[in-house]
Each structure stands twice: as structure tokens, then as C-alpha cells.
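The lines below spell out each chain.
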Number of protein chains: 2
Amino acid sequence: MSGKKSSLTVADVARAAKVSKATAARVLGGYGIASETARKAVLEAAETLGYQPNDLARSMSTGRSGLVGVIVGDIENAFFSQAVRGISDTLRAADLNLIISNSSERLSEEIEMVSVLLRQRVAGLIVAPTDARHLDHLKAALAAGTPVVTLDRHVPELEADAICGDDRESVGRVLRRLHEVGHRQIAYVTAMETTDGKLGKLEDIGISAVRERITGFLTHMREAGVEKPANLVFVGATGDDETSLVVTRILERSPPITAILASDSLIGARIFRELSDRGLKLPQEMSLVSWFDADWTRVTSPRICVVDQPTYRFGQEAAERLIARLKGDASPPQVFVIPTPLLERGSIGAARSD
Amino acid sequence: MSGKKSSLTVADVARAAKVSKATAARVLGGYGIASETARKAVLEAAETLGYQPNDLARSMSTGRSGLVGVIVGDIENAFFSQAVRGISDTLRAADLNLIISNSSERLSEEIEMVSVLLRQRVAGLIVAPTDARHLDHLKAALAAGTPVVTLDRHVPELEADAICGDDRESVGRVLRRLHEVGHRQIAYVTAMETTDGKLGKLEDIGISAVRERITGFLTHMREAGVEKPANLVFVGATGDDETSLVVTRILERSPPITAILASDSLIGARIFRELSDRGLKLPQEMSLVSWFDADWTRVTSPRICVVDQPTYRFGQEAAERLIARLKGDASPPQVFVIPTPLLERGSIGAARSD
DNA sequence: TTGTAAGCGTTATCAT
DNA sequence: ATGATAACGCTTACAA
């Protein structure tokens, strides 16, 4: 009852239809030409036998594989899973499938996964590169003729299309808004880890989206007359405990910090919980803005103001670019910047009088 | 600069290493035997040439493919993306990769995806079957010798291992708790669609997890002396508007409904928003319990009591079962029931006096 | 231990 | 329009 029946081949169908293997293959593969009679005979034979083509073999001889590799930082994160959905929907419409891998935002894993995917001879790669300073593996993919599209991140040195948000500008929008209602001491909190817990050189930030946003933050804050904005960037908010520590440091600051920007929605949620655990009232005692319009930001009171990153669209665009490349588009690599508007909600209030 | 260099083969390496193709293949494939000298020569040649094996070809000749197909209802839903993460982590440890597909909870898409994945000759399949009454495609997979594991759902008629929660019991736990604090009129809300908006025959519920929970609900409610518990099951909460309608109907009921169970975390979030939009106070005016410990349930006030479905573990177990099958385990199919404990939080309060 | 040669299931070339 | 037949890149008897 549990048959490991080594599936049927075109040869079997050909035999049943009393034509040559070549003719059967032409009909089944939908290429070349065949007479109506032959076509009918073959299709009928295939039907009754229950023939299922072997895409492995097909890819072997054609050289192209119908599989696209996707490497994200963390599929559990709605930011990425939503993007993956966009990718998936778009790819399917082009008859492509998707092999998915998690880098856990670790370079070593990303390298490993690229290698695995290349071995599988994927038709193309969509990657959220973990570290803009290590690109050999991605360059190797390109050199092997496998198109690459970067997702959410842009690496100029790579000959690849990129889909990303307007990170630097989005920070500007947030800060302008906060400035309008009187905020001056504003904290930026990110998960990024540094050796000493302090913000280092900007060039050392491997994830371009993070680098862009912090750069924007520093620029705009300086323009607004804040002395040492780097002191307002808090790094290392990687988990609950670390974030708790960061919040403590923020609350101890003098002059008092009146608003917090959370670099992503995981951090945002943690910060929100910390603040409400400590009994702080939003937005009277603290304003909060997070990146990504996650579910949780709409059930809090007040609801949380967010920078809306339409990641489903990120995914769509990425897949579309890749498909274009697969179809032969050989134009120079482009960066597609997707607007990430500020969604105003109750978590921004007037700054406390200092 | 953009080379479509048709990658190197074992033959190229063999030539460079001055050995036969077979010897090179043996070394590179890590099978058979080779002298130390040969081994060194081959590896060195492979290294300097930059040889990358072709897994497609390998699968072709060995018959096994190193790829596992996963079909979920909606990768955007944290319930599934978390499970996928569990699957991914576990598979990787066994040197397997994962092709992922979305069924959008539609049978037709599921059938299509199974077919695509079988064509790709995946080694195995992990599926959250959309409809327990249509199994031909999954049976075909089994017949072709491809092991199948069902995720979150169990279909007895299928010769496949199943990983699922203790759905029926979990409803019991929830209801018992609610009963203790005085609730009698309790609503169960699900996304499931029916033709007339009413609950039909239980056997017609295609998703086993939903069927089990509703069955449990009806049984326990009856045991608690509620007359027509079916009237307390609200179906069709598929989107924001539909859920709004359901909530209206719930609030209009007499005798008044004092507690709501949300069949999944998307519905739970929608219901919560509806309730707070209407100014109802949790838990004084309404109690709420949701399935799945989603992020949003921990940032509301009060926090939402949930039935904790450890879906990462669901995924892990599913992958482990599949790996066991791939290794040749031929024992009869088993159902692995994973406990889904009730996490008590502030959203349960004493029932209003009626 | 090593090499020769025959597959795996397609596609693709070239006569017929 | 159709049919032999040779690839594709690997594994795997079987021989040497």
C-alpha cells in the first residue's frame, strides 16, 4: 500500500501512446510541434497513467530552475513574513517557487545559505544582506549569472537591484513632527550591537537601513541644534532585559528625554511594555514612535505612531525586479525607494515643559 | 563582467587534478574511497577552480532531493511564520532545505502547490490541510512515496503523522475558568465561513482544529447547562467589517453575553479593537480570551488571556517526524498532541450580575 | 584504489 | 511532423 513507485517518465507515456519519446516530450513539455492526433494520444496516455513531469530533470537539461532563493533575517518577524508573502504571491504568478532561508541576521549563516541555494541552482536570489561589508558570497552569485535583488537594504558596491524604504527621510519626518510639538531630547533605540555599547563609526554599521536611519537622526538632530546627538542613540536593545536597561538609562537622562524612536516593531513593543510597566503615561510623560505598522501598535492606548513600511510591497517589487532580470533585463542595477509615511497616532504628545 | 559561465563540473576538476571523473566525484561527493594523494589533488583543484557541486544533478542520480515542501495557510500570520521558523531550524540541522508555499487556506491552491512540489520531487511534505474532506492530492503524495506530516491539523483518513494542539481540551480549560468566575453566556467567534452565516454540521468543518474546538465548546457548554450552545458560536469573522458585525450581534444578545473566545489571534485583535472602540471596559464589562500568544496580547490593558499554542514547537516536531520518516521509520502514523495551556491574564473578570 | 561506462528524466539537435 | 540520439552533471555498478 505504501509504494515507492519510481514515477513514470515520458518514455512510459510514449510507449502507451505509441509514439516516440521525442514526440511525447514535445507534447508534455509544451514545446516544438506535434500533430493533433499525436497530441491527443499522448495527453490521454499521460492522463490515464497519471504522469507527473520531473522538474528536476527538466531543470537539469534546460539549465533554469523555477526556484528563487530568499534569505531573510527572521521569518518570525512580521516585517519579513509580510515581505515574503509579497514575494510569494508575485513569484507564483510567474510560475516560480520560493526556497526560504533564515540568516538570523548572522553573516556566517547568510554565506552558508547562499552557497546552498547556488548549489540548488536557484534562478535568482532575494536577500536582506546582514553585512554590507562582506559581499563576496553575493558577488559570487552574480558572477555565476544568478541575479540578486536586495530587500530592505541597499549595497552600492553590489551590482544588484535594491528595494528599500526612504529611511533617511523618514527619520526627518518623525523628528520634524516631534520638534513641532516641542520635543528636543529624543532618543533613538536600535537592536544593533557594538563592542562597547556606544555608537561607533557609521561606516561600521553593516545593515544599510539602520545606518541610513542613524545617519539621518544625527544630521537632523544637529540641524535642530542638539549638541551631541550621538549620545541619544541607544544601541543593544536585543532582548527584553537589554531593552529594560536601555529604558532605565533613557529615563535617567538629564536633560530629560521626552520622546523615543524605536528602530523596529519588536523593540517598539518592548519599550512600550517597559514604559507601561513603570507606570509612565503616553503621550503625556513620554512620546513613542516605532518603525513598522505592526498589529500591536493598534491595540494599545494610545495607539502607537509608526513609520509605515509597506513590506508586502517591498516583497512584490523585489520579486518583480528579479523576474525582469530573469527575463533578460540587463539595464544597470537600480535602487527602488519606497516611501514610508508617518502614521500619526496618539502616542505623540506635546513635550513636557522642562 | 556579467558572466553566465556555465559552472564547472566534476569533469573539469578531474582533469585539473589528473584523475578520472569517478575519483573526483568520489572525493567531492564524500562517498566511496580514494587514496590520500588523490583526495588532496582533487580538493586542491576544486578549491582553486572554485568548483560548486550541482545539487540538481546530484538529486537526479540519487533520487533524493534535500528539499522539503511546506504548505501553510498564511505565512503572514505569526501562527504559521513561527511554525515555519521551527521547521526551518530543525530541517537545517538535518541538511534539508525548505520550499514554502501559501495556500491562503484555499483548497484549490493547496492542490496546485502539492502538485508543484511533487514535480520538484521534494523529499517530504509538511502541510496544514485546508479541508479534511478533500485528500486526494495528499494521498497521491503518499502513494508516490513522499512522506507527509500535517501541521496543526489531524486527518485520520490520511496515513500521515500529525502534530496538533489539544484543541478540545483547551476549550474545556477556558470554559471551566470562565465558569468559575460566573460566566454562563459565552460566545465563540471563528473566521470560518458558512453558507447561511450559521453553524452547520460539525462534519462539514474542513479544518480539524476548528472542528475540534467547536465540538469541545458545544459539549462543555451543554454540560454546563446551556440550552442551545450552537447559538453562541459566531462564524464568518473574516475581516474587520465582518467582525464588527459579529461584535454588534454579540452585544445585542439577551441574556447578555459576558465573555468572548476568539478562535485565533487575528480575530482576537479585531474583537479587542471593536470592544475598545465602543468604549467597553475589559474585563469589567466583557471578558476576552484568544487563541495564540501573539505580540499584541501583551501590550493591551488589560493584557489578554490566551490559549498558548507553541507553534515553534509544532514546527519542530513536524520537521522531526518528517526527518524520522525520511530516515526510514515505517511505524504506523501517529498523532502528536501538544499541550496548549491557558495563560491567565487580566482580560478575564467576574461576570456582570445579570 | 582507480577507471570505464551506464544510467537518472528531461530537453534539444538533426536527420528523415 | 516525427524519431533517433546526444547532451545536462552527477552517482554507481562493475572491471581493471
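In every chain, residue numbers begin from 1 and rise along the written sequence. Each chain is given a letter, starting from A, and each ligand a number, starting from 1, according to the order in which they appear as written. Reporting of local features is limited, given that this is a predicted model, to residues whose pLDDT is at least 70; pairs of side-chain atoms are given and counted only at 80 or more, and all residues count toward the totals for whole chains, interfaces and linings. Where side-chain values are given, they derive from all heavy atoms of the structure, hydrogens and water being excluded.

### Quick look at the overall build of chain A
Then, number 1: Secondary structure assignment for chain A yields twelve helices and twelve strands.
Then, number 2: As a reference, a globule follows 2.2 Å times the number of residues to the power 0.38, and the radius of gyration itself is taken over C-alpha atoms. Against the compact-globule benchmark of 20 Å for 354 residues, chain A has a radius of gyration of 26 Å, which places it well outside the compact range.
Then, number 3: The principal-axis extent of the C-alpha atoms belonging to chain A is close to 90 × 40 × 35 Å.
Then, number 4: Should any heavy atoms of two residues lie within 4.5 Å, those residues are considered in contact. Contacts spanning at least 24 positions in sequence make up 68% of the contacts within chain A whose residues lie at least 6 apart.
Then, number 5: Accessible area of chain A: about 15600 Å², with a carbon and sulfur share of 50%.
Then, number 6: Counting rule for charge: Lys and Arg are taken as positive, Asp and Glu as negative, and neither His nor the chain ends is counted. For this purpose, a charge sits on NZ of Lys, CZ of Arg, CG of Asp or CD of Glu. For chain A, the distance from the average site of its 43 positive side-chain charges to the average site of its 46 negative ones is 5 Å. Helix numbers and strand numbers start at the N terminus; a helix is a DSSP run of H or I with at least 4 residues, a strand a run of E with at least 2. Here the accessible surface of atoms and residues is derived via Shrake-Rupley with a 1.4 Å probe, and residues count as covered only by protein chains that are part of the display.

### Examining the protein's contact with DNA strand D
Then, number 1: Any residue with a heavy atom lying within 4 Å of a molecule or strand is counted as near it. Taken together, 26 residues sit near DNA strand D, with Thr-23, Ile-33 and Ser-35 of chain A together with Val-10 and Tyr-51 of chain B positioned nearest.
Then, number 2: For DNA strand D, the backbone portion of the atoms within 4 Å of the protein, that is sugar and phosphate, comes to 65%.
Then, number 3: Contacts described as polar in this section are N or O atom pairs within 3.5 Å, which, within protein, must combine one atom able to donate a hydrogen with one able to accept it, while residues neighboring in sequence count only if both atoms come from side chains. Contact distances for DNA strand D include 2.6 Å between a phosphate oxygen and a side-chain N or O atom of Thr-23 of chain A.
Then, number 4: For DNA strand D, a phosphate oxygen lies 2.6 Å from a polar atom in the backbone of Val-10 of chain B.
Then, number 5: Of all the secondary structure elements, the ones that give two or more residues to the surface near DNA strand D are helix H2 (21-29) and helix H4 (55-62) of chain A together with helix H2 (21-29) and helix H4 (55-62) of chain B.
Then, number 6: The biggest single contributor to the surface near DNA strand D is H4 of chain B, with five residues.
Then, number 7: Each residue is assigned to one of three groups, with Ala, Val, Leu, Ile, Met, Phe, Trp, Tyr, Cys and Pro labelled nonpolar, Asp, Glu, Lys and Arg labelled charged, and all others, Gly among them, labelled polar. Partitioned by chemical class, the residues of the surface near DNA strand D number 14 nonpolar, eight polar and four charged.

### Quick notes on the domain arrangement of chain A
Then, number 1: What marks off one domain from the next here is an automatic or database domain assignment. Considered domain by domain, chain A is made up of domain 1 (10-62), domain 2 (67-165 + 311-338) and domain 3 (167-308).
Then, number 2: Centre-to-centre, using C-alpha coordinates, domain 1 of chain A lies 35 Å away from domain 2 of chain A.

### A closer look at helix H8 (residues 167-180) of chain A
Residue and element names in this part refer to chain A.
Then, number 1: Each helix should span, by expectation, one fewer than its residue count multiplied by 1.5 Å. If you check H8, its first and last C-alpha atoms are 20 Å apart, about what 14 residues at 1.5 Å a residue would give, namely 20 Å.
Then, number 2: Where H8 is concerned, the buried positions are Asp-167, Ser-170, Val-171, Gly-172, Val-174, Leu-175 and Leu-178.
Then, number 3: Downstream of H8 by a residue or two, Gly-182 has a phi angle that is positive, lying close to 100 degrees. In this scheme, a residue with accessible area under 20% of its type's maximum is buried, one over 50% is exposed, and one in between is partly exposed, where area comes from a 1.4 Å probe on protein chains only.

### Focus: the protein's contact with DNA strand C
Then, number 1: Every one of the 27 residues lining DNA strand C counts as a neighbour, but Tyr-51 and Arg-58 of chain A together with Thr-23, Arg-26 and Ser-35 of chain B are closest to it.
Then, number 2: Near the protein, meaning within 4 Å, the atoms of DNA strand C are sugar or phosphate in a fraction of 63%, with bases accounting for the rest.
Then, number 3: Asn-54 of chain A has a polar backbone atom sitting 3.4 Å from a phosphate oxygen of DNA strand C.
Then, number 4: Between DNA strand C and the protein, one listed contact pairs a base oxygen with a side-chain N or O atom of Ser-61 of chain A at 2.8 Å.

### With respect to the UniProt feature "domain: HTH lacI-type" (unreviewed entry) in chain A
Then, number 1: UniProt positions are given in the numbering used here, feature names are shortened, and annotations may be inferred rather than shown by experiment. The UniProt record marks residues 8-62 of chain A with the feature "domain: HTH lacI-type" (unreviewed entry), using the residue numbering of this structure.
Then, number 2: Taken as a whole, residues 8-62 of chain A contains 71% helix and 0% strand, while its terminal C-alpha atoms sit 20 Å from one another.

### Quick word on the nonpolar core
Then, number 1: One finds Phe-217 and Leu-261 of chain A together with Phe-217 and Leu-261 of chain B to be the most contacted residues of the largest nonpolar core, which totals 153 residues.
Then, number 2: By size, the runner-up hydrophobic cluster in this structure holds 38 residues, among which are Leu-118 of chain A together with Ile-99, Ala-132 and Leu-135 of chain B. Residues belong to a common nonpolar core when they are buried Ala, Val, Leu, Ile, Met, Phe, Trp, Tyr or Cys residues joined through side-chain atoms within 4.5 Å.

### A few points about the side chain of Asp-74 of chain A
Then, number 1: Topologically, Asp-74 of chain A is positioned in the loop between strand E1 (67-72) and helix H5 (78-93).
Then, number 2: A distance of 2.9 Å separates polar atoms of two side chains, one belonging to Asp-74 of chain A and the other to Arg-85 of chain B.
Then, number 3: In this structure Asp-74 of chain A touches Phe-80 and Asn-102 of chain A together with Arg-85 of chain B, once residues within four positions along its chain are discounted.

### Notes on the interface of chain A and chain B
Then, number 1: Contacts between chain A and chain B engage 53 residues on the former and 53 residues on the latter.
Then, number 2: Approximately 4900 Å² of surface area, both sides summed, lies buried where chain A meets chain B, with 51% of it carried by carbon and sulfur atoms.
Then, number 3: What counts as buried area is the accessible surface, traced by a 1.4 Å probe, that two parts surrender upon association, with contributions from both included. A per-residue breakdown of the area chain A buries against chain B is headed by Leu-56, Arg-121 and Val-299 of chain A, which together make up 14% of the total.
Then, number 4: One speaks of a salt bridge when a side-chain nitrogen belonging to Lys or Arg is within 4 Å of a carboxyl oxygen belonging to Asp or Glu. In this assembly, chain A and chain B are joined by six salt bridges.
Then, number 5: Note that Asp-74 of chain B and Arg-85 of chain A form a salt bridge whose closest N and O atoms lie 2.9 Å from each other.
Then, number 6: Scanning the region where chain A abuts chain B turns up 20 residue pairs in polar contact (both at pLDDT 80 or more).
Then, number 7: When residues of the side of chain A that touches chain B are traced back to their parent elements, those giving at least two are H4, H5, strand E2 (97-102), helix H6 (107-119), helix H7 (136-143) and helix H11 (265-277) of chain A.
Then, number 8: The residue inventory of the side of chain A that touches chain B, partitioned by class, reads 20 nonpolar, 18 polar and 15 charged.

### Some details on the packing of helix H6 (residues 107-119) of chain B against helix H7 (residues 136-143) of chain B
All names here are of chain B.
Then, number 1: Lines fitted to the C-alpha atoms define the axes, with helices restricted to the stretch that makes contact. Angles between their N-to-C directions range from 0 to 180 degrees. Running from N to C, H6 and H7 cross one another at 15 degrees; their axes reach a closest spacing of 9 Å. Relative to H7, H6 is oriented roughly parallel. Crossing of H6 against H7: the hand is left-handed. Where H6 abuts H7, its residues Leu-107, Glu-110, Ile-111, Val-114 and Leu-118 lie against His-137, Leu-138 and Ala-141.
Then, number 2: Considered class by class, the residues forming the contact of H6 with H7 number six nonpolar, one polar and one charged. Note on angle classes: values under 35 degrees are labelled roughly parallel, values over 145 roughly antiparallel, values of 65 to 115 roughly perpendicular, and the remainder oblique. By convention the crossing between two helices is left-handed if the near helix lies anticlockwise of the far one by an angle smaller than a right angle, and right-handed if it lies clockwise.

### A short note on the sheet that holds strand E12 (residues 342-343) of chain A
Residue and element names in this part refer to chain A.
Then, number 1: Here six strands make up an open sheet; going across it, the order is E7-E6-E8-E9-E10-E12 and the pairing mixed. Each having just a single partner strand, strand E7 (233-234) and E12 make up the two edges of the open sheet.
Then, number 2: Between any two strands, pairing holds if DSSP finds at least two bridges. Relative to strand E9 (residues 287-291), strand E8 (residues 259-262) runs parallel, the two being bridged by four bridges. The partner of Ala-259 across the bridge, within E9, is Ser-287.

### Some details on the packing of aromatic side chains
When we look at a pair of aromatic rings, we describe it by the centre distance and by the angle of the planes.
Then, number 1: The pairing test for Phe, Tyr and Trp rings, Trp by its six-membered ring, is centres within 6.5 Å, and the orientation test on the planes gives stacked under 30 degrees, edge-to-face over 60, and tilted for anything in between. Under the definition given, this model contains twelve aromatic pairs over all chains.
Then, number 2: Centre to centre, the rings of Phe-79 of chain A and Phe-314 of chain A are 6.4 Å apart; their planes meet at 90 degrees, and the pair counts as edge-to-face. With a gap of 235 residues between them, Phe-79 of chain A in helix H5 and Phe-314 of chain A in helix H12 (residues 311-326) connect regions that are remote in the sequence.
Then, number 3: Ring plane angle 85 degrees and centroid distance 5.1 Å describe the contact between Phe-79 of chain B and Phe-80 of chain B, whose orientation is recorded as edge-to-face. No difference in accessibility class separates Phe-79 of chain B from Phe-80 of chain B, as the two residues are buried.

### Section: the relation of the copies chain A and chain B
Then, number 1: Note on the copies: chain A fits chain B at an RMSD of 0.0 Å, the axial shift is 0.0 Å, and the rotation between them is 180 degrees. The relationship between the two copies is best expressed as a two-fold rotation axis.
Then, number 2: When the interface residues of chain A are mapped onto chain B, 100% of them again fall at the interface, so both copies present the same face. Superposition of the copies was done by least squares, using only C-alpha atoms of residues whose pLDDT is at least 70 in both.

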